[in-house]
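Read off the chains here:
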Amino acid sequence: MNQARQNILKRLRDGRQQGFAVPTSDFAVVRERNWTAAEKLDLFQQKIESVHGEVHRVAAERWIQELIRLLAEKKLGNLLVSDIKAHGLELREQWHESLPPLLAYDRKIESWKEQLFTQVDAAVTGCRGAIAETGSLILWPDEDEPRLMSLVPPVHFVLLQADQIYSTFIEAMAEQGWATQGMPTNALLISGPSKTADIEQTLAYGVHGPKELVVLVLE
Amino acid sequence: MSAQPIQVREFHPRVQAALNNPQIRSNFRRAMDGLMTKRTAAFAGWDLETLRELGAAVRLRALSRLPELLEQLEANLVQQGVQVHWAETGEQACEIIRDICQARGAKSVIKGKSMVTEEMELNHYLEAAGIEALESDLGEYIVQLAEETPSHIIMPAIHKNTDEISELMHEKTGTRRSHDVDYLTASARQQLREKFMRADVGISGVNFAVAETGTLCLVENEGNGRLTTTAPPCHIAVTGIEKVVEKLEDVTPLLALLTRSATGQHITTYFNMISSPRKAAEKDGPEAVHLVLVDSGRSNIYQDQELLDTLRCIRCGACMNHCPVYTRVGGHAYGTTYPGPIGKILMPHLLGLEDTRDLPSASTLCGACGEVCPVKIPIPKLLQRLRKEAVDGDSLQPSRVAGHGIKRRWLESLVWSGWTRMHASPGLYRFAGRMMGRLRGLMPSKLGAWTRYRSAPKPAAKTLHQLMQERSVKSQAVKQESKG
Ligand code: SF4
């Protein structure tokens with residue numbers, strides 16, 4: 001199909017209009033916001049709640065108790081959590097037998113696809129911050145918290161540090177140096193639980209991904 | 001699946017049928033009204049004009065460097081382990097995809113939403129090759145169950161109401177009849193999860209392809225796009241060559257415009273950026289990722305300074321939602337993959353004017369589409385251009401769209417050249433005007449399609465010139481009298 005490549009590129013080069021007038025791109029309209037940290041947190045919460053996301057602000061040292069409370073409230077039977085990342089180790093250390101069992105994503109998906117798809121009730125992951133303007137969480141899945149972890153279980157808990165909220169998407173990608181340091185296999189913005197309005201515009205949640213997205217904001 | 005083959009040319013009867021179908025009309029009316037209101041609300045507080053200008057500038061900059069950016073995209077993706085393929089036609093793209101599937105011994109394919117694969121009728125092609133292709137976007141899934149085609153590029157099943165969907169799912173999948181949308185959605189989830197677990201290949205579209213970083217971006221709400229691109233061992237992304245943008249930051253204004261214009265959302269649930277297949281230490285994700293770049297007429301559009309604007313489109317569907325014609329006839333009446341205003345300016349290039357001759361005329365030129373288009377495509381101007389192309393009607397600009405001149409009729413062009421001559425000569429103009437006044441009784445009362453909904457025009461007994469002349473003669477006389 002190299003011929004196709006050549007033909008397409010040739011047609012584009014030969015046919016290109018001379019003197020393409022390209023206006024400059026001024027990104028001010030998507031960049032300039034001056035929100036304080038408190039405003040950013042409020043806006044983030046308001047935006048993500050407006051699309052059915054759940055937010056709980058907790059003191060940093062109390063997040064595990066809060067998570068335990070939510071697991072009980074939502075009657076969840078088990079929890080998938082990293083066994084390598086700091087928050088995973090912390091959680092595992094404080095866990096005890098009477099609580100729902102903890103699972104680990106410690107092998108390749110091929111060896112436990114069926115189990116992940118049918119038997120895991122909830123997962124908890126970290127994130128790389130959030131975006132106030134759109135109420136979005138930034139996730140870069142990796143080997144400790146793989147891609148399907150935030151997608152397949154019906155409930156997804158996310159830990160967000162309150163001081164890691166950016167105003168806009170463009171600010172987040174610039175400050176974290178996305179374009180310069182290279183992109184990971186998969187990067188995600190997650191803004192609420194999975195939803196659809198394909199049946200007569202009626203909203204329904206959890207059509208393919210999590211039905212509930214719960215953010216614990218650590219202050 | 002045997003969806004109806006597209007009969008693009010039988011446009012008028014289909015329009016008639018749609019207009020006479022109250023169900024279609026009320027389904028679309030309700031949906032489009034809702035979408036228009038939501039879009040307006042979503043842009044509240046924004047300097048929308050400046051944002052649209054930025055969106056247009058970003059797209060135009062990408063187009064100005066299209067061949068270079070495609071090469072850069074390819075080089076980066078290849079370096080990151082993604083295999084890149086080029087297809088001149090939809091047929092070629094189908095072959096490439098089939099070959100990838102067959103080389104892996106794939107029996108089943110799960111699909112995320114992709115209009116370009118609709119365009120090339122990939123599902124039929126794969127099924128003919130013995131590969132099951134299942135749509136996973138809920139709307140596409142419904143449309144596929146019904147053996148239909150999407151009637152809207154963002155909301156494929158918008159033409160159906162809950163009743164119809166419940167009946168369809170009951171009949172095809174054995175769910176109970178129910179008006180409970182949560183129940184229907186959960187049933188679909190159940191059936192599709194099973195498929196996601198077992199699918200050999202996932203096929204998705206692409207919303208933006210970033211050249212700078214070699215990143216494929218997908219915008220969606222359901223999570224089926226993420227599943228399609230993560231759960232099966234192989235992912236094939238398919239995109240038109242125009243979807244490339246230069247820099248990662250270019251994505252930000254386009255995303256802000258896309259979701260608000262499309263459904264009035266400040267963002268969709270997922271914005272999924274993929275840059276490589278699974279790396280050695282990673283525990284999930286496809287081991288093979290392919291990108292198929294499809295031309296299929298796009299490089300021809302690229303040759304024309306004016307028509308080129310068509311390629312800025314980010315497929316938001318706002319032009320449809322605001323189109324008075326689309327709202328009344330619905331998406332199927334057009335008979336093309338892309339309906340509504342964007343379809344009217346895009347399909348003539350993809351299929352040729354021979355098959356799409358009536359589309360550019362199916363517009364009141366009210367201008368709503370151009371006003372809402374997030375990347376400022378001058379759709380009404382392009383419609384006028386395509387109308388000219390259809391009749392070879394512009395002597396200053398050579399026609400170039402395939403099938404141009406298809407609507408040119410000798411009688412009509414004779415009438416128009418007479419019209420031109422008459423308006424160029426004052427004497428001839430007056431003479432013709434007077435003759436029309438004299439012979440006004442002979443004017444037929446039926447004038448084909450024109451008089452179906454209107455009464456025939458009747459020339460006045462006297463021309464404006466005559467009336468003015470008489471007036472000035474009279475007032476001269478009055479002046480004379482008053483002086484005397
Ligand atoms: S032409 Fe403009 S309004 Fe219509 S789908 Fe494309 S981007 Fe949206």
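Quantities reported herein were computed from a predicted structural model and do not represent experimental measurements.

(A) Expanded view of the overall build of chain B. Helices and strands together make up the secondary structure of chain B, namely 22 helices and ten strands. Overall size of chain B, expressed as C-alpha extent along the three principal axes, is 110 × 55 × 45 Å. Counting all 484 residues of chain B, 58% fall into the buried class. Considering only contacts within chain B whose residues lie at least 6 apart along the sequence, 72% involve residues at least 24 apart. For chain B, the exposed surface amounts to about 20,100 Å²; the carbon and sulfur share of it is 54%. In chain B, 60 side chains carry a positive charge and 54 a negative one; their mean positions are 11 Å apart.

(B) The overall build of chain A, seen in detail. In terms of regular secondary structure, chain A is built from eight helices and twelve strands. Taken along the three principal axes of its C-alpha coordinates, chain A extends 75 × 45 × 45 Å. Classification of the 219 residues of chain A by burial places 57% in the buried group. The long-range fraction of contacts in chain A, counting pairs at least 24 apart against all pairs at least 6 apart in sequence, stands at 71%. About 9,300 Å² of surface is accessible on chain A, with carbon and sulfur atoms providing 48% of the total.

(C) Local environment of the sheet that holds strand β8 (residues 165-166) of chain A. As summarised here, the arrangement of the eight strands in space is β8(A)-β5(A)-β6(A)-β9(A)-β9(B)-β6(B)-β5(B)-β8(B), forming an open sheet in which the pairing is mixed. Edge positions in the sheet fall to β8 of chain A together with β8 (244-245) of chain B, since each has one partner strand and no second. The sheet contact formed by strand β5 (residues 208-210) of chain B and strand β6 (residues 215-220) of chain B spans three bridges and is antiparallel. Of the residues in β6 of chain B, the one forming a bridge with alanine 209 of chain B is leucine 216 of chain B. Of the strands in this sheet, β5, β6, β8 and β9 (270-274) of chain B are in contact with helix α12 (residues 251-263) of chain B, which crosses β5 of chain B at around 175°.

(D) View of the pattern of salt bridges. One pass over the structure, following the stated rule, counts 47 salt bridges over all chains. In this structure, the salt-bridge partner of arginine 69 of chain A is glutamate 66 of chain A, at a minimum N-O distance of 2.9 Å. Placement of both arginine 69 of chain A and glutamate 66 of chain A in helix α4 (residues 63-73) is noted, with a separation of three residues, approximately one turn of the helix. Between aspartate 309 of chain B and arginine 312 of chain B there is a salt bridge whose closest N-O contact spans 3.0 Å. For the residue pair aspartate 309 of chain B and arginine 312 of chain B, the accessibility class agrees, reading buried in each case. Through salt bridges with shared partners, a single network forms among Asp304, Glu306, Arg385, Glu389 and Arg400 of chain B.

(E) Local environment of the environment of isoleucine 274 of chain B. Among the structural elements, isoleucine 274 of chain B can be located in strand β9. In contact with isoleucine 274 of chain B, not counting residues within four places along its chain, are Arg147, Thr185 and Asn186 of chain A together with Gly214, Thr215, Leu216, Leu218, Thr229 and His235 of chain B.

(F) Inspection of the pairing of strand β2 (residues 108-111) of chain B at higher detail. All names here are of chain B. Burial of β2 is two-sided: the residues Ser108 and Ile110 facing one way and the residues Val109 and Lys111 facing the other way are all buried. Both β2 and strand β3 (residues 132-135) contribute to a ladder of four bridges, which runs parallel. Directly across from isoleucine 110, in β3, lies its bridge partner leucine 134. Bridge count for β2 against strand β4 (residues 201-204) is three bridges, and the pairing is parallel. Note that in β4 the partner of lysine 111 across the bridge is isoleucine 203.

(G) Highlighting the packing of helix α8 (residues 138-145) of chain B against helix α9 (residues 162-173) of chain B. Residue and element names in this part refer to chain B. Two elements in contact, α8 and α9, have axes whose closest approach is 10 Å; the angle formed by their N-to-C orientations is 65°. Considering only the axes of α8 and α9, their crossing is left-handed. Contact residues: α8 offers Tyr141, Ile142 and Leu145, while α9 offers Ile165, Leu168, Met169, Lys172 and Thr173. Its residues placed into classes, the contact of α8 with α9 shows six nonpolar, one polar and one charged.

(H) Focus on the domain arrangement of chain B. Domain boundaries in chain B define domain 1 (11-301) and domain 2 (411-483). When each unit is reduced to the centre of its C-alpha atoms, the spacing between domain 1 of chain B and domain 2 of chain B is 56 Å.

(I) The packing of aromatic side chains, seen in detail. Per the stated rule, a full pass over the model turns up eight aromatic pairs over all chains. Ring centres 5.1 Å apart and planes at 85° place the aromatic pair tyrosine 105 of chain A and tryptophan 112 of chain A in the edge-to-face group. The exposure class of tyrosine 105 of chain A is buried, given its relative accessible area of 3%. In this structure tryptophan 112 of chain A comes out as buried when scored by relative accessible area, which is 3%. Ring geometry for phenylalanine 169 of chain A and tryptophan 178 of chain A: centres 5.9 Å apart, planes at 75°, overall edge-to-face. The same class applies to phenylalanine 169 of chain A and to tryptophan 178 of chain A, which are both buried. Among the aromatic residues, ring-to-ring pairing joins Trp140, Phe169 and Trp178 of chain A together with Phe271 of chain B into one connected group. Directly above the ring of tyrosine 183 of chain B sits arginine 176 of chain B, whose terminal nitrogen or CZ lies 4.0 Å from the centroid.

(J) Quick peek at the interface of chain B and chain A. Each side of the interface is counted separately: chain B has 103 residues, and chain A has 80 residues. Regarding the contact of chain B and chain A, the summed buried area is about 8,000 Å², with carbon and sulfur atoms giving 58% of it. Inspection of the chain B/chain A interface yields ten salt bridges. Where arginine 30 of chain B meets glutamate 200 of chain A, a salt bridge forms, and the shortest distance between an N and an O atom there is 3.0 Å. Top element by residues in the side of chain B that touches chain A is helix α10 (residues 181-198) of chain B. It accounts for ten residues. Here the residues of the side of chain B that touches chain A are counted per class, giving 46 nonpolar, 28 polar and 29 charged. Pairing between strand β9 (residues 186-190) of chain A and β9 of chain B: five bridges, direction antiparallel. Bridge pairing in β9 of chain B links asparagine 186 of chain A to isoleucine 274 of chain B.

(K) Highlighting the UniProt feature "domain: LUD" (unreviewed entry) in chain A. Summarizing the sequence annotation, UniProt attributes the feature "domain: LUD" (unreviewed entry) to residues 42-218 of chain A in the numbering used throughout. Annotation note: span residues 42-218 of chain A, helix share 27%, strand share 25%, distance between end C-alpha atoms 14 Å.

(L) Looking closely at the layout of surface pockets. Residues and elements named next belong to chain B. Approximately 1,000 Å³ is the volume attributed to the second largest pocket. Mapped by element, the contributors of at least two residues to the lining of the second largest pocket are α1 (11-19) and α15 (324-329). The greatest single-element share of the lining of the second largest pocket, amounting to six residues, is contributed by α1. In terms of residue class, the lining of the second largest pocket is built from eleven nonpolar, six polar and four charged. Residue contributions to the lining of the second largest pocket reach at least three from each of two domains, namely domain 1 (11-301) and domain 2 (411-483).

Rules behind the numbers
- Residues numbered from 1 in each chain as written.
- Chains lettered and ligands numbered in written order.
- Predicted model: local features only at pLDDT ≥ 70, side-chain atom pairs only at ≥ 80, totals over all residues.
- Heavy atoms only, no water.
- Helix = DSSP H or I, 4+ residues; strand = E, 2+ residues; numbered from the N terminus.
- Buried < 20%, exposed > 50% of the residue type's maximum accessible area, 1.4 Å probe, protein only.
- Contact = heavy atoms within 4.5 Å.
- Areas by Shrake-Rupley, 256 points an atom, 1.4 Å probe, with all protein chains shown as cover.
- Lys, Arg positive; Asp, Glu negative; His and termini not counted.
- Charge placed at Lys NZ, Arg CZ, Asp CG, Glu CD.
- Pairing = 2+ DSSP bridges.
- Axes fitted to C-alpha atoms, helices over the stretch in contact; angles between N-to-C directions.
- Salt bridge = Lys/Arg side-chain N within 4 Å of Asp/Glu carboxyl O.
- Left-handed = near helix turned anticlockwise from the far one by under 90°.
- Nonpolar A, V, L, I, M, F, W, Y, C, P; charged D, E, K, R; others polar.
- Domains from an automatic or database assignment.
- Phe/Tyr/Trp six-rings, centres within 6.5 Å; stacked < 30°, edge-to-face > 60°.
- Lys NZ or Arg CZ within 6 Å of the ring centre and 35° of its normal.
- Buried area = accessible area lost by both parts, 1.4 Å probe.
- UniProt positions renumbered as here; feature names shortened; annotations may be inferred.
- 1 Å grid on protein atoms, 1.4 Å probe; cavity = no way out; pocket = protein on both sides within 12 Å on 5 of 7 lines; lining within 4 Å.
- Points joined across faces, edges and corners; volume = space filled by probe spheres on them.

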